[in-house]
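Commentary on secondary and tertiary structure
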Amino acid sequence: MKAFSVIMHAVYALAIAGLILFVALGFIPQDTGEMPLDVKLEAESTYEVSEPNGVLEYNFSDAVDTYGGPADAYTDTGVKIPGTTVNPGDDASVTAAVTAVKAYAVSNPEVTSVTLKDNGGNVLTQTMIMKEGDEITTNMYTEISITNRLRYDLIDIAIGVDQLNDTGTVSYRVAESAPSTIKTGETFSLPVDISINSLNSALIMLTGSGDTLSIYMGFDVSGKYLYGLAGASIYATAVFESTTAAPDVDISATRISVTSTEPIDQLPSDLDITATIGAITVTIVNDSTGFSLVMGDGTVNIVDELQAQYDEGDYTIEVGVPPDSEVITLTQEQYAQMLDLVKQVMETGGA
Amino acid sequence: MPEETTLKQDMRHGSWVRGILAGVLSFVSIVVVPLALMWFLEGMIASMGAGDEMAEIFNTLNETIWRFMIYGIPVIVLAFLTSFYVKGNKAKVLFTVIALLYSIAWLFLIFPGGELPVSLDTSGFFSGSGFSLDSVTLTLNFLGIMLLLVAIMLLRMVLSYAVYKSNREKYLKKLSE
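What you see is a predicted model; the values in this text were computed from it and never measured.

Moving on, we get to the overall build of chain B. When helices and strands are counted, chain B shows six helices and two strands. Helices and strands appear in chain B in the N-to-C order α-α-α-α-α-β-β-α. The C-alpha atoms of chain B give a radius of gyration of 23 Å, which is well past the 16 Å a tight globule of 177 residues would have. Taking the principal axes of its C-alpha atoms as reference, chain B extends roughly 85 × 30 × 20 Å. In chain B, which comprises 177 residues, the share counted as buried stands at 16%.

Residues and elements named next belong to chain A. Positive phi, normally seen in glycine, also occurs at Asp156, with a value near 50°. The topology assignment puts Asp156 in strand E9 (residues 154-164). Overall, Asp156 belongs to the partly exposed group, with 15 C-beta atoms counted inside 10 Å.

Right, let's get into the domain arrangement of chain A. Reports of interface size often rely on the accessible area that becomes lost once the parts have come together. Residue and element names in this part refer to chain A. Partitioning chain A into domains gives domain 1 (46-123), domain 2 (127-240) and domain 3 (248-349). Taking only C-alpha atoms into account, the centre of domain 2 sits 25 Å from that of domain 3. At the junction of the two partners, domain 2 supplies 18 residues and domain 3 supplies 24 residues. Among the elements that line the side of domain 2 that touches domain 3, the one with the most residues is helix H4 (residues 198-206), at seven residues. Each residue belonging to the side of domain 2 that touches domain 3 can be placed in one class, and the counts come to 11 nonpolar, five polar and two charged.

So, on to the sheet that holds strand E4 (residues 72-75) of chain A. All names here are of chain A. The three strands are arranged E3-E5-E4 in an open sheet whose pairing can be described as antiparallel. Edge strands, defined here as strands with exactly one partner in the open sheet, are strand E3 (46-48) and E4. When strand polarity is set aside, the average angle formed by the axes of neighbouring strands in this sheet is 35°. Sheet topology note: the E3/strand E5 (residues 113-117) ladder contains three bridges and is antiparallel.

Turning our eyes to something else, we now look at the interface of chain A and chain B. Each partner contributes to the interface: chain A provides 26 residues, whereas chain B provides 25 residues. Secondary structure elements with two or more residues in the side of chain A that touches chain B: helix H1 (2-26) and strand E14 (230-240) of chain A.

With nine of its nine residues buried, H4 of chain A lies for the most part within the structure. Of the positions making up H4 of chain A, those classed as buried are Ser198, Leu199, Asn200, Ser201, Ala202, Leu203, Ile204, Met205 and Leu206 of chain A.

Pairing between sheet strands relies on hydrogen bonds along the backbone, with the strands arranged either parallel or antiparallel. Residue and element names in this part refer to chain A. In space, the seven strands of this open sheet follow the order E15-E16-E19-E18-E17-E20-E21, with antiparallel pairing throughout. The sheet is open, and its two borders are formed by strand E15 (248-252) and strand E21 (326-329), each paired with just one other strand. Adjacent strand axes in the sheet meet at a mean angle of 15°, parallel and antiparallel pairs treated alike. Bridging between strand E18 (residues 280-287) and strand E19 (residues 290-295) involves six bridges; their strand directions are antiparallel. Residue pairing across strands places Val282 opposite Met295, the latter belonging to E19. Set on the sheet, H4 makes contact with E15, strand E16 (255-260), strand E17 (271-277), E18 and E19; between it and E18 the angle comes to about 85°. Together, E16, E17, E18 and E19 form the strand contacts of helix H5 (residues 302-311), whose direction differs from that of E18 by roughly 110°.

About the thresholds
Residues numbered from 1 in each chain as written. Chains lettered and ligands numbered in written order. Predicted model: local features only at pLDDT ≥ 70, side-chain atom pairs only at ≥ 80, totals over all residues. Helix = DSSP H or I, 4+ residues; strand = E, 2+ residues; numbered from the N terminus. Rg over C-alpha atoms; globule rule 2.2 N^0.38 Å. Buried ≥ 20, exposed ≤ 12 C-beta atoms within 10 Å, placed from the backbone. Domains from an automatic or database assignment. Contact = placed C-beta atoms within 7 Å. Nonpolar A, V, L, I, M, F, W, Y, C, P; charged D, E, K, R; others polar. Pairing = 2+ DSSP bridges. Axes fitted to C-alpha atoms, helices over the stretch in contact; angles between N-to-C directions.

And the structure:
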């Protein structure tokens with residue numbers, strides 16, 4: 001029995017020492033001279049050649065302006081495409097480079113993407129890469145790269161961004177990354193796809209107290225550490241203050257009208273959308289003359305009409321004025337979100 | 001071979017000095033030190049002039065420390081009882097096991113669900129620019145670590161029985177003298 005007692009004492013002491021050592025080492029970086037974590041928000045300037053010219057021009061210009069020096073477009077096999085030198089602040093070189101890329105892709109169908117590199121062959125980066133969208137949806141892409149200098153892997157690291165209303169009661173996910181593991185000593189890039197539906201975005205601003213046009217965002221970061229034994233989740237809410245004064249809001253069951261004599265800084269400055277959803281017409285304008293959102297013409301119950309279309313499984317929106325209109329099909333989630341937001345706007349407005 | 005005793009008989013034999021000393025030490029570590037820590041933190045936050053921003057964190061810490069102290073009172077009593085009896089005494093094993101079982105419950109009473117939520121009012125940060133960080137809510141989850149601690153406590157129970165068995169004969173011999 002004495003031997004058993006000695007063994008148990010040894011096991012107990014080892015278990016306690018092991019646990020303390022395991023946890024303590026987890027919070028001491030391998031190299032104490034460096035930060036335990038290094039976080040960067042940027043994506044390499046690689047673009048699909050099938051993207052529209054306008055999108056490529058925006059990205060070429062943004063990448064070169066951010067870098068502050070000239071760059072050329074290279075294929076994914078490392079071939080420099082002739083005539084694609086882009087200079088910062090030089091719109092003509094941007095247009096010419098995009099034209100050259102498009103022409104090269106036609107004669108070389110195997111080329112599906114291009115990358116901007118400087119004279120030294122270094123790949124340029126951008127904070128946010130614009131992707132092809134439609135009249136009401138803006139798609140962007142970025143990467144959050146995290147260097148893990150801690151001793152253990154970071155597990156299930158996930159990042160999400162929500163748009164909220166000013167009372168925090170409505171949450172609409174605009175960006176999300178798939179949960180990823182970041183091994184110790186390695187840098188891992190979390191791809192973040194951002195999709196902003198202008199209509200839903202504008203509606204969210206009206207579902208709160210309605211006395212501000214500031215944009216409220218929620219940043220959600222979660223992950224596990226110490227082989228999953230511990231974890232943390234952080235939710236930060238931020239406000240992008242709008243200097244625009246409270247708008248005039250007029251809400252009835254058949255018409256929603258929001259007007260302001262000042263534009264909303266956080267929305268595109270040339271926003272002009274006319275859309276038709278069933279029998280409901282929506283116009284959103286944000287320009288130098290101000291901001292306005294009008295939904296419905298005062299004759300048809302908006303919620304009933306949108307609900308009927310949703311129940312039929314029809315998630316289409318006709319954007320533009322015929323004959324120059326385009327039919328956009330929202331996802332069921334986007335349509336449901338829009339319907340839900342309209343219902344909340346009606347509740348807020350007492351309609 | 002000394003005569004075997006029952007638990008009831010063993011409960012009559014203990015050391016008041018050891019029991020009181022253990023009780024006082026537990027009282028100091030469970031009540032006095034946390035109270036001093038709270039007083040120190042309160043003073044430090046006030047001197048930093050960060051009262052509003054740190055209020056939520058301080059409140060959470062305050063609540064956690066109070067849970068530690070209030071639910072820790074039975075631990076003080078159990079510390080007295082486990083130290084009152086010497087090795088080889090059946091009552092010592094009994095109260096050690098009760099103390100360890102209560103410690104497991106105590107751990108989960110302090111950190112319900114193995115989580116510690118902390119909120120920070122950051123509305124004063126970045127003021128003056130077009131961007132402001134309203135609030136940050138951090139939830140720490142250490143359920144896995146707590147379960148490891150539970151495993152260590154279970155191991156401690158087995159250890160207390162091993163200590164009892166290896167000291168039983170010596171205890172009985174001393175009792176019969």
